[in-house]
Amino acid sequence: MLFNEELLRAFLTTSVFGKQIQFLEKTVSTNNHAFSLAFKGAPEGTAVLADCQTGGKGRMSRSWFSPPGKNIYTTVILRPEMDPALSPQVTLIAGVAVAELLYKYCPGKVTLKWPNDVLIGGRKVCGILAESRSSAVKIEYIVVGIGININMQENELDESLRQIATSLKIETGRDFIREEVAARLYESLEKWYFIFRDSGFEPIREKWLECSGMTGKEISYSSQGVTVKGRVTGMDNDGALLCNVNGEIQRLIAGEIALAAR
Ligand code: BTN
């Protein structure tokens, strides 16, 4: 079933996010679509929501499994006034917003994995991909793409994902009205984006650490072919993950982490 536009609008209580929304039956990637809308001047808060993607993409050139009729694939256009060097913070804002949303459906089971994953029971339910266009001093726009697995059952997941991914339905045993979840997502994104705009990154940093439960955890960190092991000590005020590696605090700014097996 495609998204019911009227139903989504009936659920929506935002002032900006999702007020302008493009519903697509199929697209290569909602990020690509939103990027070209932003380039043509679409205002902040404009959203693209697709029923299915033929080239859904993730970080590090990965693909995002995007079958029709089941999930949410959406991208929101932002035009923040911030230093381009701090743009990775936007992924963390979106992570906090998604975690708070999903917590309502799965209390006690939702965690964040730096920098862009939301997990339920340790399995990935959502990925976030932010892409931006900026000059040296100014961000023109950032498109924040969010994929959330909603009504897929275990046997509908790609085989390669069955051990590591999940959906709201797998976790709760019930179906969700995608339009309602999408509307709540835009509300949560707007709430946390406005907190960031009005009060800066500190409230996001605090909430992110609270939701992630990562402080004190052993991780391994890989970047550019090198893997190191360490213990998470916190998050810096620019969004870098702080990690004690052999007694020295390192700032992780890119790359991938894995939680050490307990
Ligand atoms: C990741 O886990 O590496 C990020 C995945 C992001 C997937 C979403 S789905 C909507 C938007 N469009 C895309 O092509 N990617 C993002």
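Residues numbered from 1 in each chain as written. Predicted model: local features only at pLDDT ≥ 70, side-chain atom pairs only at ≥ 80, totals over all residues. Heavy atoms only, no water.

**A look at the environment of L129**
Link 1 in the chain: Position of L129 among the secondary structure elements: in strand β6 (residues 123-134).
Link 2 in the chain: The spatial distance from the C-alpha of L129 to the C-alpha of P115 is 9.9 Å, given a sequence separation of 14 residues.
Link 3 in the chain: The residues contacting L129, other than those within four sequence positions of it, are N31, K57, G58, R59, V143, V144 and G145. (Helix = DSSP H or I, 4+ residues; strand = E, 2+ residues; numbered from the N terminus. Contact = heavy atoms within 4.5 Å.)

**Here's the deal with the domain arrangement of the chain**
Link 1 in the chain: Entries for the chain in the domain assignment read domain 1 (5-212) and domain 2 (218-259).
Link 2 in the chain: A C-alpha centroid distance of 24 Å is found between domain 1 and domain 2.
Link 3 in the chain: Taken together, the contact pairs 13 residues of domain 1 with 15 residues of domain 2.
Link 4 in the chain: For the pair domain 1 and domain 2, the summed buried area comes to about 1,200 Å², and 65% of that belongs to carbon and sulfur atoms.
Link 5 in the chain: Per-residue buried area on domain 1 facing domain 2 is highest for K113, W114 and R205; these three make up 49% of the total on that side.
Link 6 in the chain: The interface formed by domain 1 and domain 2 holds 2 salt bridges in total.
Link 7 in the chain: Close ionic contact of R59 with E256 constitutes a salt bridge, the shortest N to O distance being 3.4 Å. (Domains from an automatic or database assignment. Buried area = accessible area lost by both parts, 1.4 Å probe. Salt bridge = Lys/Arg side-chain N within 4 Å of Asp/Glu carboxyl O.)

**As for the site of the ligand**
Link 1 in the chain: Neighbouring the ligand are 20 residues, the closest being S29, Q53, K57, R59 and K124.
Link 2 in the chain: Between the ligand and the protein, one listed contact pairs an oxygen atom with a side-chain N or O atom of N116 at 3.3 Å.
Link 3 in the chain: K124 has a polar side-chain atom sitting 2.5 Å from an oxygen atom of the ligand.
Link 4 in the chain: Protein contact buries 98% of the 410 Å² of open area that the ligand shows by itself.
Link 5 in the chain: More than half of the atoms of the ligand fall within 2 Å of the grid points belonging to the largest pocket.
Link 6 in the chain: Elements represented by at least two residues in the shell around the ligand include exactly α2 (30-39), β3 (72-78), β6 and β7 (139-148).
Link 7 in the chain: Looking at the shell around the ligand residue by residue, the class counts come to 5 nonpolar, 12 polar and 3 charged. (Near = heavy atom within 4 Å. Polar contact = N/O pair within 3.5 Å; in protein donor to acceptor, adjacent residues only side chain to side chain. Areas by Shrake-Rupley, 256 points an atom, 1.4 Å probe, with all protein chains shown as cover. 1 Å grid on protein atoms, 1.4 Å probe; cavity = no way out; pocket = protein on both sides within 12 Å on 5 of 7 lines; lining within 4 Å. Sits in = over half its atoms within 2 Å of the grid points. Nonpolar A, V, L, I, M, F, W, Y, C, P; charged D, E, K, R; others polar.)

**Quick notes on helix α3 (residues 88-105)**
Link 1 in the chain: Along its 18 residues, α3 runs 27 Å from first to last C-alpha, staying within 8% of the 26 Å computed at 1.5 Å per residue.
Link 2 in the chain: α3 sits mainly inside the fold: 15 of its 18 residues count as buried. (Expected span 1.5 Å × (residues − 1). Buried < 20%, exposed > 50% of the residue type's maximum accessible area, 1.4 Å probe, protein only.)

**Observations concerning the packing of aromatic side chains**
Link 1 in the chain: By the definition in use, this model includes 5 aromatic pairs.
Link 2 in the chain: Ring geometry for F17 against F194: centres 6.2 Å apart, planes inclined by 85 degrees, an arrangement best described as edge-to-face. In this pair, F17 is assigned in the loop between α1 (5-11) and β1 (21-24) and F194 in helix α5 (residues 178-199), connecting sequence segments 177 residues apart. You'll find F17 and F194 in the same group, each marked buried.
Link 3 in the chain: Ring geometry for Y105 versus F176: centroids 5.2 Å apart, planes at 75 degrees, classification edge-to-face. Here the residue Y105 occupies a position in helix α3, and F176 occupies one in the loop between α4 (168-172) and α5, the gap between them amounting to 71 residues. (Phe/Tyr/Trp six-rings, centres within 6.5 Å; stacked < 30°, edge-to-face > 60°.)

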